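Residue-level structure breakdown
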Amino acid sequence: MKLLSLNQRAALLSVVMLVVGLLIWEAAIPAQNAVGELTEYERLTGAGAAKAGVPPPSAVITKAWEQLSNPFYDAGPNDKGIGIQIGYSIYRVLTGYFLAALVAIPFGFLIGMSQLAYKAFNPFIQVLRPISPLAWMPLALFIIGDSEASAIFVIFICSIWPMLINTAFGVAGVREDWVNVARTHELGPFKTAFTVILPAAAPTIVTGMRISIGIAWLVIVAAEMLVGGTGIGYYVWNEWNNLDLTSVVFSILMIGVVGMSLDAMFGLLQRRVAYVE
Amino acid sequence: MKPYLSIEKLTQRFPDGAGGDLTVFEDATFGVEKGEFVVILGHSGCGKSTIMNILAGLAEPTSGAVIMDGQEVKGPSLERGVVFQNYSLLPWLSTLKNVTFGVAARHPNWNRQKIEDHAVKFLAMVGLEGDVIHRKPSQLSGGMRQRVSIARAFANHPKLMLLDEPFGALDALTRGTIQDELLNIWGQMEQTVFMITHDIDEAILLADRILLMTNGPQARVAESVEITIPRPRNRTEIVEHPNYYAIRNHLVQFLGKRSKELAGQPTPAGQTNSPVSVRIDKTETPDDPEDKRPALRAVNS
């Protein structure tokens, strides 16, 4: 007899794995501190001084509590709350991302509609697409000058490709029958684009957007480590420089949580535009 | 006088991939009168669908012209409604929205309520009422989907209705029901209909006239068979009519044998390829002076 549904059982298993994982982690920490008796020499050279070790989960949780209970404090350039740092990162990601969408979706539409444009632009897309977004950074810094804008540019350039390619692919793959329905109803090109092609290609386009936002969030951390100043990427690097590994572990977790939320939002959108043929 | 819909010397050729041309059909010439229900019968590959696409304006003929109501057909138009074999409903819209989509295109100045009422009325005419109209096409059976497609086309009241094997993908029972609904809606609207089918019984039930095509390539519309069974017709009663089996035999003979024999014959020079009129009527007295139709009175017994 099944008392619990599949989802409930899965959730239970997740919790068990989490608790077991945390316990093992917690138990493993004292081992690294058990340095045993120190020699005179070691004591003199400071080897036995409070060594920066991987923090136990209890310390991370305490840190998280402390940070999350006051996420927006601002005590100077090197001491800002986690909320502010994440806010900066999200702002950069969304700015770059929406600029990319603004270019990629109309442009993808165009090359999806025209075989000629598709074939003509394809080599450029294929060459530009595999370039690591961070490789653009020096060029962006040189041309744009501003580090903030450069970070946004890097997000723009990395999120444009999946959206562009998926839009073109989705638009090119719209069923001939549906286009014929538009034609026999004398819809103009704009009406056809918005009432037939866009909804028909929407699931593919949104899939591209979802991939893009995922990549953009991956890239922003690295980009902020380079440009510095603010943002969650900078925060991680700064805490590493401070040798505050508790904060590092905590911010890694936060990066994961934010990334998951962004993805979940697009997952929702994806479900909204999905249709069954 | 020209018929309402006049197909004149229509020719379609495609490159055959070996440098030459493949002639699908050549110099096809026939007409359809206003309010007439014309069915075209022929084997696969004889170019029926190509003719249909040209009439719909979705394809261009190699040469020749289609003239409807005094105007040449160029490109698709709301005046020619199409019911496709695969329904061609937009899957992201509800049943009702699929019909209002067409109505809104036809009557851009109607308000939302009027558009919706009109759509609901036509959906009801094909037996779709209540909650069903808010379902997505994927939640409907094949028969229901085709009903929606028929409602969408009829709601626009086009000058010409084109039905491309509308019942081809349906089971026999569903087909029967929808044929009745089609006859019903057609009877109410005096719509000119041009339909493709493979099904002889369906053709006899629905048509005023059946055009018979020879096999392709170089297919021709060889005969135009008048269905001399009075309306309203009913599938159980028409089989009792003395003309039913005579007409049916003629059609079976044509599709089974003569469509092959007549295939691939080039058009005699200077002649159009218009079909020969055939009238089979066993209820007529043999010396009917009113009959002005020329030649070929097939008398099958």
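Residues numbered from 1 in each chain as written. Chains lettered and ligands numbered in written order. Predicted model: local features only at pLDDT ≥ 70, side-chain atom pairs only at ≥ 80, totals over all residues. Heavy atoms only, no water.

A look at the sheet that holds strand β1 (residues 5-15) of chain B
- Taken in spatial order, the four strands of this open sheet run β2-β1-β4-β5 (chain B), and their pairing is antiparallel. This sheet does not close on itself; its edge strands, each paired only once, are β2 (21-32) and β5 (71-72) of chain B. (Pairing = 2+ DSSP bridges. Helix = DSSP H or I, 4+ residues; strand = E, 2+ residues; numbered from the N terminus.)

Let's talk about the pattern of salt bridges
Residue and element names in this part refer to chain B.
- Taken as a whole and assessed by the stated rule, the structure comprises 22 salt bridges over all chains.
- In this structure, E72 and K74 form a salt bridge, with 3.4 Å as the shortest nitrogen-oxygen distance.
- Judged by relative accessible area, which is 44%, E72 ranks as partly exposed.
- Judged by its relative accessible area of 59%, K74 falls in the exposed class.
- Here E79 ties to R106 by a salt bridge, and the two come within 3.6 Å at their closest N and O atoms. Of this pair, E79 sits in the loop between β5 and β6 (80-83) while R106 sits in helix α2 (residues 95-106), placing them 27 residues apart in sequence. (Salt bridge = Lys/Arg side-chain N within 4 Å of Asp/Glu carboxyl O. Buried < 20%, exposed > 50% of the residue type's maximum accessible area, 1.4 Å probe, protein only.)

What to know about a nonpolar patch on the surface
- A cluster of nonpolar side chains, namely L3, L4, L12, V16, V20 and I24 of chain A, defines an oily patch on the protein surface of about 580 Å² accessible area.
- Relative to the elements of secondary structure, L12 of chain A occurs in helix α1 (residues 6-33). (Patch = residues over 30% accessible without salt bridge, like charges linked within 9 Å, V, L, I, M, F, W, Y side chains within 5 Å. Areas by Shrake-Rupley, 256 points an atom, 1.4 Å probe, with all protein chains shown as cover.)

Points about the packing of aromatic side chains
All names here are of chain A.
- Under the criterion given, the structure shown has eleven aromatic pairs over all chains.
- Look at Y97 and F266: their rings are 5.7 Å apart centre to centre, the planes differ by 75°, and that puts the pair in the edge-to-face class. Here Y97, found in helix α4 (residues 82-113), pairs with F266, found in helix α11 (residues 245-273); they are 169 residues apart in sequence, far enough to count as distant.
- Consider the rings of W178 and Y275, whose centres lie 6.0 Å apart with planes at 75°: the pair is edge-to-face. Highlighted residues: W178 in helix α8 (residues 176-184) and Y275 in the segment after α11, separated in sequence by 97 residues.
- According to the relative accessible area criterion, W178 is buried, its value standing at 3%.
- The rings of Y97, F98 and F266 are connected pair by pair, giving a single aromatic cluster. (Phe/Tyr/Trp six-rings, centres within 6.5 Å; stacked < 30°, edge-to-face > 60°.)

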